[in-house]
Every structure is written in C-alpha cells, then in structure tokens.
Amino acid sequence: MDLRWTGTSRSALLALVCVLLCAGLHSEGRVRGGASMVYLRRFIGCAVREFSFLAKKPGCGGLHITTDACWGRCETWEKPVLEPPYVESHQRVCTYNETRLLTVRLPNCSAHVDPAYTYPVALRCDCAVCLTSTTECVTSV
C-alpha cells in the first residue's frame, strides 16, 4: 500500500486544518496562557484573564478599570462515606497565587474622602482551597 502524500492531498489537508482552526478562533472566548491562547469552552484549570469592573466608593465618582483576574474551572468532587460527616469532598476554586497591587485615583471625590482605590492584579492563578482571609468563598448549607 502506497502511503505517500501527493501535493493535492497535502494542500487539501492543510486547507481543512486552517478552516477548523479559524472557526475555533472566531467561535470561542480566549484567555491568556503564556504565549498561546487557551479556549474557554474546553478549558479546565485556572488562568489569568482580562476583566473590567467599575471601581467606586462612597463620596467619589466611579472609574472603569480593566485588570487581570483569575478565571477557570477546577476539579471538585464529593462521594458518600459510611462515617460522619458522611461525605468526603475535594473542592478547589480558581484563585490568586501571585498578585501585585495597583492604586488609582477615583474622580470627583468629596473633600473628606481619600480618592485612592487599591485593587489586586493577577500575575498567576491556581486551583486551590478557598481561603476566607483573601477570597469571598460561597458555601451552601
């Protein structure tokens, strides 16, 4: 059996690969992952992603900020066990591993209000246990 690629079949394969890659680039969101881009619909893990929010505090005007934050899906599971509390769980959240703090000045602050607003910028994110000292951890009863 002859398995050599002809010029025509190689060109057709390259064209198909290009079409599939281009379709993927336009149909899915992307997140920073080093030099390459990671597709969010298939992504499992934790990564740095651009995020925008309105910074505000009483006595000042708001300021739109775009920064880097953590985003992702982390492995979580629970299984029943025979001893109390009758469940064994492994729950991780996508959270900051390394940050730096940035401070901006909010506009139109009253005379008695400090216009400084400090927020974290994600440098590295990981799946980890949720620490209530640094993160708002949502639990259910």
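The rules we used
Residues numbered from 1 in each chain as written. Predicted model: local features only at pLDDT ≥ 70, side-chain atom pairs only at ≥ 80, totals over all residues. Heavy atoms only, no water. Helix = DSSP H or I, 4+ residues; strand = E, 2+ residues; numbered from the N terminus. Buried < 20%, exposed > 50% of the residue type's maximum accessible area, 1.4 Å probe, protein only. Contact = heavy atoms within 4.5 Å. Areas by Shrake-Rupley, 256 points an atom, 1.4 Å probe, with all protein chains shown as cover. Disulfide = S-S within 2.5 Å. Phe/Tyr/Trp six-rings, centres within 6.5 Å; stacked < 30°, edge-to-face > 60°. Lys NZ or Arg CZ within 6 Å of the ring centre and 35° of its normal. 1 Å grid on protein atoms, 1.4 Å probe; cavity = no way out; pocket = protein on both sides within 12 Å on 5 of 7 lines; lining within 4 Å. Points joined across faces, edges and corners; volume = space filled by probe spheres on them. Nonpolar A, V, L, I, M, F, W, Y, C, P; charged D, E, K, R; others polar. Salt bridge = Lys/Arg side-chain N within 4 Å of Asp/Glu carboxyl O. pLDDT = per-residue confidence, 0-100.

What about the overall build of the protein?
(1) Moving on: Summing up its helical and strand segments, the protein has 1 helix and 8 strands in all.
(2) Moving on: Reading the protein from its N end, one meets helices and strands in the order α-β-β-β-β-β-β-β-β.
(3) Moving on: In the protein, which comprises 141 residues, the share counted as buried stands at 20%.
(4) Moving on: Looking at the protein alone, contacts between residues at least 24 apart form 50% of all its contacts between residues at least 6 apart.
(5) Moving on: About 10800 Å² of surface is accessible on the protein, with carbon and sulfur atoms providing 58% of the total.

Thoughts on the state of the cysteines
(1) Moving on: Applying the stated criterion across every chain, the model contains 4 disulfides.
(2) Moving on: Here Cys60 pairs with Cys109 through a disulfide, and the sulfurs are 1.9 Å apart. Looking along the S-S bond of the Cys60-Cys109 disulfide, the torsion reads about 110 degrees, which is the right-handed sense. Taken as a pair, Cys60 in the loop between strand 3 (45-55) and strand 4 (63-73) and Cys109 in the loop between strand 7 (93-105) and strand 8 (116-128) lie far apart in primary sequence, 49 residues in all.
(3) Moving on: Classification of Cys109 by relative accessible area gives partly exposed; the value is 23%.

Some points on the packing of aromatic side chains
(1) Moving on: Here the structure, examined in full by the defined rule, presents 4 aromatic pairs.
(2) Moving on: Geometrically, the ring pair formed by Phe53 and Tyr117 is tilted, given 6.4 Å between the ring centres and 40 degrees between the ring planes. Linking Phe53 in strand 3 with Tyr117 in strand 8, this pair joins segments that are 64 residues apart in sequence.
(3) Moving on: A centroid spacing of 6.4 Å and a plane angle of 35 degrees characterise the contact between Tyr117 and Tyr119, whose relative ring orientation is tilted. Comparing Tyr117 with Tyr119, the two get one shared label, buried.
(4) Moving on: Against the face of Trp71 rests Arg49, its NZ or CZ located 5.4 Å from the ring centre.

Side note on the layout of surface pockets
(1) Moving on: As a volume, the largest pocket reaches approximately 420 Å³.
(2) Moving on: Where the lining of the largest pocket is concerned, the elements lending two or more residues are strand 3, strand 4, strand 7 and strand 8.
(3) Moving on: Tallied by class, residues from the lining of the largest pocket come to 11 nonpolar, 3 polar and 2 charged.
(4) Moving on: In this structure, the second largest pocket is lined by 10 residues; those nearest its centre are Gln91, Val93, Cys130, Cys137 and Val138.
(5) Moving on: The residue makeup of the lining of the second largest pocket, split by class, is 5 nonpolar, 3 polar and 2 charged.

Considerations on the pattern of salt bridges
(1) Moving on: Enumeration over the complete set of coordinates arrives at 2 salt bridges.
(2) Moving on: The salt bridge involving Lys79 is made with Glu88; its shortest N-O contact spans 3.7 Å.
(3) Moving on: For Lys79, a relative accessible area of 40% translates into the label partly exposed.
(4) Moving on: Salt-bridge contacts for Glu98 lead to Arg124; the nearest nitrogen and oxygen are separated by 3.4 Å. On the criterion of sequence distance, the pair formed by Glu98 in strand 7 and Arg124 in strand 8 is long-range, its members being 26 residues apart.

Side note on the confidence of the model for the protein
(1) Moving on: Taken as a whole, the protein shows an average pLDDT of 76; of its residues, 70% reach a score of 70 or greater.
(2) Moving on: Across the protein, the element-wise mean pLDDT spans from 36 in helix 1 (residues 7-27) up to 95 in strand 8.
(3) Moving on: Note that residues 1-31 has pLDDT below 50 and, in this model, 24 contacts with residues that lie over four places away or in other chains.

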